[in-house]
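Reading the structure
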Amino acid sequence: MFLGLAPALFTTFFLTSPATAASAEDWSTRSIYQVITDRFATSNDSTLPCDTGARKYCGGSWKGIVNHLDYIQNMGFDALWISPVSANLEGNTTQGESFHGYWTKDFNSLNPHFGSAEDLRALSGALHKRGMYLMLDVVVNHMAAPALPGPKFSFNGFFHPFSDASAFHKQCFVAESTDPSDQETVEKCWLGDTKLPLPDLDTENTTVVTELQNWIHQLVEDYEVDGLRIDTVKHIRKDFWPDFAKSAGVFTLGEVLINDTSYAAEYTQVLDAILDYPSYFQMRNAFLSTQGKFSSVVDIMTTSQQKYKNGLFRTGSFFENHDQPRLPSITKDAGLIRNAITFPFIHDGIPIVYYGESSDGGVLSTFAGQEQGYQGGSDPYNREALWFTAYQQEKPLVQHLRTLNAARKEAIEGSPDFVTTPMKFLAIEDHSMAVSKPPMLALFTNIGSESPQGLSWHVDGVFQPNEPLVDVLTCTKVAADAQGGVTVPSVYGMPQVLMPAAALRKGGAVCPEAATGIRAKSGGLPAARVPWAFFAASVMFFAVCRARWM
């Protein structure tokens, strides 16, 4: 059997003119690759030293990203989320340097460590030439100071364009509050602490509000930005956001870091979309432990489908990011990791992959990302430099992500309702479940790759009677029974994603030898084929080398 993969430019399916603002509907067909600009690629491909724990600038740049867009696009991603671009606090602090971009000092200037205005425009242009979208991370809630007002810092003229204390809320720290969950405290007190304060902008002040709206409008226009990821959304009053988003004029994806669906739901009323944090916390518990239970995932997602303004369709689904530990820091089990990485691609929202997330082969080396298998735990250890991997594309999870992206695009191309059809949870057991999102049926388990127990999924009536099916992750052929159901055994605790053979285009990007679909070809290079043995060998390699991780 063969695993059909396309190392081609998948985004030719969804070319969009950069002159036209991409809508939320346009973004729903995309998949997003997130990078930390300072850690993705250097301008001249030099492998500069980078001590992750030191929290220092390591030399990544916008030019470096341009040089490695093939790497991103060949995995099938058609949108790129980069770090905040504004000039940051310079010098060392108690939390290191501002390499991540979240400690703004001057909204109206760019971070010179990342490059020039011409470099950022070149990145935007290079993405649009490929039919890809650019998403900028932005921080509106606060700025960053080296210390409290004193010898090292005074409000007067320190920040730009907010040059005096009247633009900020009075000092009080969320972390020091007797009730840090109090919403007024959340919105009006400062993040950080006395050693590294993050002065909170007074977003009730009309002058501040107008300045922020003008800034975001100009930033989007100057660099032809297609979307925004907005930091610390819950720390600003909700009625600030609609006018801010209108000023931006592009898709907005807000970070509401909370494990509470009801709380998060309120922000779906004021922005286009939010990161699906409530689901993330339950997914992590269920997918990354053999003791986890899928019922918690089903409960939280069913609730979100009901409470969010647009269900889960206007969310970003993820398993790693710069604020959360990488998967291999939680588990080394190949089966658990593959199940976890697969899920966002059948989730109702937009799949988001953090750089380096996709390569289980890389966890055996000193350096690796999500596709390169990075093992970093919490910040700063999950912010590794990717250039040490040489951007290898042969690693098992790189190819796994390529397949998932290609299969999702095939599903969207053949079934336009795919992105508006809510996923349904079927055959729910403690350690397995099925998720139906026609034409896909995804089969998940958390028994792990070394479990001695067998497991089979039995799902009734989801396909046509006796319909030929394909597991797109391995190109294994399966047939529905006379009632349209399927009974499929687990292999090494790995996930399976079944699609009708007729839903896959002949000669297309996914399992071309098993595909029987006759839709017109939409572009892209001929599919490559990777033997099933390569997939199985990668699983066994994990088991043999497990001792090195423990």
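These figures come from a predicted structure and were not determined experimentally. (Residues numbered from 1 in each chain as written. Predicted model: local features only at pLDDT ≥ 70, side-chain atom pairs only at ≥ 80, totals over all residues. Heavy atoms only, no water.)

On to the overall build of the protein chain, then. If you tally the helices and strands in the protein chain, you get 15 helices and 23 strands. The burial tally for the protein chain puts 61% of its 550 residues in the buried class. Put simply, of all contacts in the protein chain between residues at least 6 apart along the chain, 69% involve residues at least 24 apart. For the protein chain, the computed accessible surface area is about 19500 Å², with 52% contributed by carbon and sulfur atoms. (Helix = DSSP H or I, 4+ residues; strand = E, 2+ residues; numbered from the N terminus. Buried < 20%, exposed > 50% of the residue type's maximum accessible area, 1.4 Å probe, protein only. Contact = heavy atoms within 4.5 Å. Areas by Shrake-Rupley, 256 points an atom, 1.4 Å probe, with all protein chains shown as cover.)

Bringing the pattern of salt bridges into the picture now. Taken as a whole and assessed by the stated rule, the structure comprises 19 salt bridges. Asp70 is the salt-bridge partner of Arg130, the closest N and O atoms lying 2.8 Å from each other. Linking Arg130 in the loop between helix 5 (117–129) and strand 6 (133–138) with Asp70 in helix 4 (residues 69–74), this pair joins segments that are 60 residues apart in sequence. Across the pair Lys437 and Asp348 runs a salt bridge, and its minimum N-O distance is 2.8 Å. Of the two residues, Lys437 sits in strand 16 (residues 432–437) while Asp348 sits in the loop between helix 12 (334–342) and strand 14 (350–354), which places them 89 residues apart along the sequence. Using a relative accessible area of 4% as the deciding quantity, one classes Asp348 as buried. (Salt bridge = Lys/Arg side-chain N within 4 Å of Asp/Glu carboxyl O.)

Within a regular beta strand, the side chains point alternately toward one face of the sheet and then the other, so they alternate between its two faces. Residues Val486 and Val488 line the buried face of strand 21 (residues 486–489), whereas the alternating positions Thr487 and Pro489 sit on a face that is not buried. Sheet analysis places strand 18 (residues 456–459) next to strand 21, joined by four bridges and oriented antiparallel. Note that in strand 21 the partner of Trp457 across the bridge is Val488. (Pairing = 2+ DSSP bridges.)

Remark: helix 7 (residues 206–223) packs on helix 8 (residues 241–248), axes separated minimally by 7 Å, with the N-to-C direction vectors making an angle of 30°. Between helix 7 and helix 8, the interaxial angle falls into the category roughly parallel. The element helix 7 and its partner helix 8 pack so that their crossing is right-handed. Side by side, helix 7 and helix 8 meet where Leu212, Gln213, Trp215, Ile216, His217 and Val220 of the first sit next to Asp243, Phe244, Ser247 and Ala248 of the second. Class assignment for the residues of the contact of helix 7 with helix 8 results in six nonpolar, three polar and one charged. (Axes fitted to C-alpha atoms, helices over the stretch in contact; angles between N-to-C directions. Parallel < 35°, antiparallel > 145°, perpendicular 65-115°, else oblique. Left-handed = near helix turned anticlockwise from the far one by under 90°. Nonpolar A, V, L, I, M, F, W, Y, C, P; charged D, E, K, R; others polar.)

So, about the state of the cysteines. Per the counting criterion, the structure on display carries three disulfides. Disulfide partner of Cys172: Cys189, at an S-S distance of 2.0 Å. Negative torsions about the S-S bond denote left-handed disulfides, and the value of about -100° found for Cys172 with Cys189 makes this one left-handed. A residue pair is termed long-range when its members are at least 10 positions apart, and Cys172 in the loop between strand 6 and helix 6 (183–188) and Cys189 in the loop between helix 6 and strand 7 (191–192) qualify at 17 residues. For Cys189, a relative accessible area of 9% puts it in the buried group. Cysteine pairing in the protein chain follows 1-2, 3-4, 5-6, where each cysteine in a disulfide is numbered by its order in the sequence. (Disulfide = S-S within 2.5 Å.)

Spanning 18 residues, helix 7 covers 26 Å between terminal C-alpha atoms, matching the ideal 26 Å at 1.5 Å per step. Every buried residue belonging to helix 7 is among Val208, Val209, Leu212, Gln213, Trp215, Ile216, Leu219, Val220 and Tyr223, and all of these are buried. On an axial view of helix 7, the arc spanned by its buried residues comes to 160°, and they lie on one face. When the buried face of helix 7 is taken as reference, the exposed residues oriented beyond 90 degrees from it are Thr206 and Thr207. (Expected span 1.5 Å × (residues − 1). Arc of directions from axis to C-beta.)

Going through the model one piece at a time under the given rule, you end up with 33 aromatic pairs. Plain terms: the ring middles of Phe40 and Tyr71 are 6.4 Å apart, the flat faces sit at 45° to each other, and that makes the pair tilted. Highlighted residues: Phe40 in helix 2 (residues 37–40) and Tyr71 in helix 4, separated in sequence by 31 residues. Under the relative-accessibility criterion, Phe40 is labelled buried at 0%. With relative accessibility at 2%, the residue Tyr71 sits in the buried group. Ring centres 5.1 Å apart and planes at 80° place the aromatic pair Phe287 and Phe294 in the edge-to-face group. (Phe/Tyr/Trp six-rings, centres within 6.5 Å; stacked < 30°, edge-to-face > 60°.)

This brings us to the sheet that holds strand 16. Ordered by their spatial adjacency, six strands build an open sheet running 15-16-17-22-19-20, and the pairing between neighbours is antiparallel. Across the chains shown, the open sheet's two edge strands, defined by having one partner strand only, are strand 15 (424–429) and strand 20 (476–479). Pairwise comparison of adjacent strand axes, ignoring direction, gives a mean angle of 25° for this sheet. Examined bridge by bridge, strand 19 (residues 468–471) and strand 22 (residues 496–500) share three bridges and lie antiparallel to one another. Counterpart to Val470 in the pairing with strand 22 is Met499.

With 87% of its residues at a pLDDT of at least 70, the protein chain reaches an overall mean of 88. Segment residues 1–19 is flagged for pLDDT under 50; beyond a separation of four residues in sequence, or across chains, it makes 82 contacts in the model. Here residues 359–369 is a poorly scored stretch, pLDDT under 50, and it has 46 contacts once near neighbours within four places are set aside; other chains count. (pLDDT = per-residue confidence, 0-100.)

Our next topic: the environment of His458. Note on placement: His458 falls in strand 18. With a relative accessible area of 41%, His458 lands in the partly exposed category. As for His458 and Thr487, which are separated by 29 residues in sequence, their C-alpha atoms are 4.4 Å apart. Once residues lying within four places of it in the same chain are set aside, the contact partners of His458 are Ala427, Val486 and Thr487. Polar side-chain contacts of His458 include one of 2.7 Å to the side chain of Asp460. Within the structure, the side chain of His458 is placed 2.5 Å from the side chain of Thr487, a separation counted as a polar contact. (Polar contact = N/O pair within 3.5 Å; in protein donor to acceptor, adjacent residues only side chain to side chain.)

Attention now moves to the sheet that holds strand 13 (residues 315–317). Reading around the barrel, the eight strands line up as 2-3-6-9-10-11-13-14 and close back on themselves, with parallel pairing between neighbours. Going across the sheet, the axis of each strand differs from the next one's by a mean of 30°, ignoring polarity. With two bridges joining them, strand 10 (residues 251–254) and strand 11 (residues 273–275) adopt parallel strand pairing. Each residue of the ladder has a partner; that of Gly254, found in strand 11, is Ile274. The sheet strands contacting helix 5 are strand 3 (79–82) and strand 6, and the helix crosses strand 3 at an angle near 160°.

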